Amino acid sequence: MAKHLDTGKIGEKIAVDYLTREGFTLLEQNWRHGHWEVDVIASKKEVLHFIEIKTRRSRKFGYPEEDVTRKKVVNLIHAAEEYLIQHQLNSRIQFDILSIYLGRDADPEFFFIEDVAL
């Protein structure tokens, strides 16, 4: 497996642990519909969170959250709409980004951006 894919998988595992510690209830991981994917769907305090996870091992090309493009956010919105339809939910929702930096010989650094808007 390519190193960047390994980094992504490691980041998603670390993200799930982090979100659980922060009081989120994990509902789905890597939920897909067609070409849309949501890394994590979780709930907390009666809000349904659609969370994009970005992980990097280096800051050479910037911070992980800088990789979340407008197109990615639009796809996240479409995926959320489909998820709500499929599960017949009428919940308050929020779009978030969890950025994880995995530096050498250091604990992971988390930057949680809540309620992302275009």
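For the structure given in this document, a descriptive report is provided here. As the structure is a computational prediction, the values presented were derived from the model and not from experiment. (Residues numbered from 1 in each chain as written. Predicted model: local features only at pLDDT ≥ 70, side-chain atom pairs only at ≥ 80, totals over all residues. Heavy atoms only, no water.)

Notes on the overall build of the protein
Of the regular secondary structure elements, the protein holds two helices and five strands. Secondary structure elements of the protein occur, N-terminal to C-terminal, as α-β-β-β-α-β-β. Expressed as lengths along the three principal axes of its C-alpha atoms, the size of the protein is roughly 45 × 30 × 30 Å. The buried share of the protein, reckoned over its 118 residues, is 42%. (Helix = DSSP H or I, 4+ residues; strand = E, 2+ residues; numbered from the N terminus. Buried < 20%, exposed > 50% of the residue type's maximum accessible area, 1.4 Å probe, protein only.)

Side note on helix α2 (residues 70-86)
Here α2 contains 17 residues, and its C-alpha end-to-end distance of 24 Å stays within 8% of the 24 Å for a straight helix at 1.5 Å per residue. Where α2 is buried, its residues touch β1 (25-33), β2 (36-44), β3 (47-56) and β4 (92-101). Q88 occupies a position one or two residues after α2 and carries a positive phi of about 50 degrees. (Expected span 1.5 Å × (residues − 1). Contact = heavy atoms within 4.5 Å.)

Regarding the nonpolar core
Ranked by internal contacts, the top residues of the largest apolar core, which has 14 residues, are L19, V40, I51, I53, L98, I100 and F112. Elements that contribute at least two residues to this core include exactly α1 (3-21), β2, β3 and β4. Ranked by residue count, the leading element in this core is α1, at five residues. Residues W36, F50, Y83 and F95 belong to the second largest nonpolar core, which totals twelve residues. (Core = buried A, V, L, I, M, F, W, Y, C linked by side-chain atoms within 4.5 Å.)

Details of the pattern of salt bridges
Scanning the entire structure with this criterion turns up six salt bridges. Among the salt bridges present, the one from E37 reaches R32, with a minimum N-O distance of 3.3 Å. Here K54 ties to E52 by a salt bridge, and the two come within 3.5 Å at their closest N and O atoms. A single network of salt bridges, built from pairs that share partners, joins E52, K54 and K72. (Salt bridge = Lys/Arg side-chain N within 4 Å of Asp/Glu carboxyl O.)

Re unusual backbone geometry
Notably, E46 is not glycine yet its phi reads approximately 65 degrees, a positive angle. Along the polypeptide, E46 turns up in the loop between β2 and β3. A residue is classified by how much of its surface remains accessible, and E46, at 78% relative accessible area, is exposed. Residue Q88 is not a glycine yet carries a positive backbone phi of 50 degrees. Here Q88 is to be found in the loop between α2 and β4. The exposure class of Q88 is exposed, given its relative accessible area of 74%.

Side note on the environment of Y18
Along the polypeptide, Y18 turns up in helix α1. Judged by relative accessible area, which is 13%, Y18 ranks as buried. With 80 residues separating them along the chain, Y18 and L98 place their C-alpha atoms 9.6 Å apart. Not counting chain neighbours up to four residues away, the residues in contact with Y18 comprise L98, F110 and F112.

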